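Secondary and tertiary structure notes
These are the residues of each chain, in order.
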Amino acid sequence: MAWQGILGHDAIVERFRRVLSQNRLASSFLFVGPSGIGKRAFALRLAKSLLCGQRAADEIDPCNHCDNCRQADLGTHPDLIVIEKPADKTELPLSLFIGDREHRMQQGLCHDISLTPYMARRKVAIIDDADALGEEAANCLLKTLEEPPLGSVLILIGSSAERQLPTIRSRSQIIRFSPPTPDDAATLIAQQLGVTDPGEALRLAGYAEGSLVRATELRLPELWEFRRRLLRGLSELPAGSVVLANDVIAFVESAGKESQPRRARLRQVIDFAAGFYRHVIHRLCDAPLGDSGGADAEVEKSAEHLLTARKEWDDQTAAACLERCLDALIHVDRNAHLSTTTECWIDDVSRLTAGEWLSRVGAG
């Protein structure tokens, strides 16, 4: 059952319904979970509910017709504050919290949320990209979290609680969002991305792991053509490692001149490689493959080729390759140089494939 058009998060809806009915709504929340699964959409719907002028304070369902609801939908409600990281920044700018140098503590979220509500009975602030909170901005936000203005609600959105500063975690109620089921994700993909083929929607849902952001990216035909080359290259390592690294770099650079699309593309490539090694681990352990979209004919063919050539391979080796992929993703998110990151990543999995590091560890 969808709440306000939000699929897959019914348990969280009921949690808020319960605390509102008991008048026990906290002043700050930390929404965590994978990107693209509806955390921001949920936060905006919840904000509209809290600002609605026709519903009682203990109800979670907005009327969708009053001035408060309409302005919340348009993003123009004076009591709704939404901040997010600019595309050209790696952190949330300090000015979003305390104003620019000429208007320190006269503008920004910390100032605005302390003001008396203009239209609604409370103020609601949403901080998207909370993973990009720098230490200085987080410290400025800390006073608001410690002494929240009466009736205010602050929602931070991030990927995991562990990526937030301890002072933020300790002062926020953590709400964990899980990816929607494949069927729910396929429904969302059909509705929001216009995918009319149910089989294609379900396939994208599996590969995207419930993320609409990833599903949008994965619709590009050139991405799937490159995936075939990548899987073939991984299955033939250590041979051709330099060629494979150069191929990945060229494909990443073809995403455009801007850094963000290039980083997004390299994440996609590394995700494909991680899915390949997960499949190899399942094969080696005779474990069920689950609902992941990665267990297709291309992955199976490449895994078979690798394991035929590397009969000495075991789950430890495959796990080491997977871990190296996950490390590479961290480097991408930390704005490491993309070409250097790619070269080191491919070289490392090549060495692991050849058993160089593991044999060295065993000998030590």
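Residues numbered from 1 in each chain as written. Predicted model: local features only at pLDDT ≥ 70, side-chain atom pairs only at ≥ 80, totals over all residues. Heavy atoms only, no water.

The next point concerns the overall build of the protein chain. In terms of helices and strands, the protein chain carries 17 helices and five strands. Each principal axis of the C-alpha atoms in the protein chain carries an extent, and together these give about 70 × 45 × 40 Å. Counting all 364 residues of the protein chain, 44% fall into the buried class. Long-range contacts, defined as pairs at least 24 residues apart, comprise 70% of the intrachain contacts of the protein chain with a sequence gap of at least 6. Accessible area of the protein chain: about 18,100 Å², with a carbon and sulfur share of 50%. (Helix = DSSP H or I, 4+ residues; strand = E, 2+ residues; numbered from the N terminus. Buried < 20%, exposed > 50% of the residue type's maximum accessible area, 1.4 Å probe, protein only. Contact = heavy atoms within 4.5 Å. Areas by Shrake-Rupley, 256 points an atom, 1.4 Å probe, with all protein chains shown as cover.)

Spatially, the five strands line up as an open sheet ordered S2-S3-S4-S1-S5, and their pairing is parallel. Two strands in the sheet have a free side with no partner beyond their single neighbour: strand S2 (80–83) and strand S5 (173–176). On average, adjacent strands in this sheet sit at an angle of 15 degrees to one another, irrespective of strand direction. Pairing geometry for S2 and strand S3 (residues 124–127), over four bridges, is parallel. Residue pairing across strands places Val82 opposite Ile126, the latter belonging to S3. Helix-sheet contacts for helix H2 (residues 39–51) involve strand S1 (28–32), S2, S3 and strand S4 (153–158), and the interaxial angle to S4 is about 170 degrees. (Pairing = 2+ DSSP bridges. Axes fitted to C-alpha atoms, helices over the stretch in contact; angles between N-to-C directions.)

Below, the discussion takes up unusual backbone geometry. That bond from Leu237 to Pro238 is cis: its omega, 10 degrees, falls within 30 degrees of zero. Take Pro238: it is sitting in the loop between helix H11 (221–236) and helix H12 (241–253). The backbone of Asn64 sits at a positive phi, close to 70 degrees, despite the residue not being glycine. By secondary structure assignment, the location of Asn64 is in the loop between H2 and helix H3 (67–74). With a relative accessible area of 29%, Asn64 lands in the partly exposed category. Of note, Met105 is a non-glycine position whose phi angle comes to about 65 degrees, a positive value.

Core analysis: the biggest nonpolar cluster contains 55 residues, and Ile189, Leu230, Phe276, Tyr277 and Trp345 have the highest contact counts within it. Those residues within four positions of Ile189 in sequence are excluded, and the remaining contacts are Gly194, Val195, Ala201, Leu204, Ala205, Leu212 and Ala215. Core analysis: the next-biggest nonpolar cluster, separate from the first, contains 26 residues, Phe31, Leu46, Val124 and Phe177 among them. (Core = buried A, V, L, I, M, F, W, Y, C linked by side-chain atoms within 4.5 Å.)

Quick look at helix H16 (residues 338–353) now. Compared with the 22 Å implied by 1.5 Å per residue over 16 residues, the 22 Å span of H16 between its first and last C-alpha is a close match. Within the span of H16, buried status applies to Leu338, Ser339, Thr341, Thr342, Trp345, Ile346, Asp348, Val349, Ser350, Leu352 and Thr353. One or two residues past the end of H16 sits Gly355, with phi positive at roughly 80 degrees. (Expected span 1.5 Å × (residues − 1).)

For Thr342, the location among the structural elements is in helix H16. Once residues within four sequence positions are removed from consideration, Thr342 is found in contact with Ala245, Val248, Ile249 and Leu266.

Tallied over the entire structure, the rule returns 20 salt bridges. Arg163 serves as the salt-bridge partner of Asp131, at 3.8 Å between the closest nitrogen and oxygen. Residue Asp131 is located in the loop between S3 and helix H6 (135–146), and its partner Arg163 is located in the loop between S4 and helix H7 (166–170); the two are separated by 32 residues in the primary sequence. Classification of Asp131 as partly exposed rests on a relative accessible area of 24%. Arg351 is the salt-bridge partner of Asp347, the closest N and O atoms lying 3.1 Å from each other. Of this pair, Asp347 and Arg351 both sit in helix H16, separated by four residues, roughly a single helical turn. (Salt bridge = Lys/Arg side-chain N within 4 Å of Asp/Glu carboxyl O.)

For the rest of this paragraph, the subject is the side chain of Arg324. Checked against the element boundaries, Arg324 lands in helix H15 (residues 315–333). On the basis of relative accessible area, Arg324 is assigned to the buried category, the value being 12%. Of note is the side chain of Arg324, whose polar atom sits 2.6 Å from the side chain of Asp348. Those residues in contact with Arg324 that sit more than four places away from it in its chain are Cys344, Trp345, Asp348, Val349 and Leu352. (Polar contact = N/O pair within 3.5 Å; in protein donor to acceptor, adjacent residues only side chain to side chain.)

How two aromatic rings sit relative to each other is set out by the distance from centre to centre and by the angle between their planes. What the rule picks out here adds up to 12 aromatic pairs. For the pair Trp224 and Phe272, a centre-to-centre distance of 5.5 Å together with 50 degrees between the ring planes defines the contact as tilted. You can see Trp224 sitting in helix H11 and its partner Phe272 sitting in helix H13 (residues 259–285), a full 48 residues away along the chain. The ring of Phe251 has Arg265 sitting right over it, with the charged end atom 4.3 Å from the ring centre. (Phe/Tyr/Trp six-rings, centres within 6.5 Å; stacked < 30°, edge-to-face > 60°. Lys NZ or Arg CZ within 6 Å of the ring centre and 35° of its normal.)

All right, on to the packing of H15 against H16 then. Running from amino to carboxyl end, H15 crosses H16 at an angle of 175 degrees, the nearest separation of the two axes being 9 Å. By the criterion of interaxial angle, the relationship of H15 to H16 is roughly antiparallel. On the side of H15, the interface is formed by Thr317, Ala320, Cys321, Arg324, Cys325, Ala328, His331 and Val332, while H16 contributes Thr341, Cys344, Trp345, Asp348, Val349, Leu352 and Thr353. Counted by class, the contact of H15 with H16 contains nine nonpolar, four polar and two charged residues. (Parallel < 35°, antiparallel > 145°, perpendicular 65-115°, else oblique. Nonpolar A, V, L, I, M, F, W, Y, C, P; charged D, E, K, R; others polar.)

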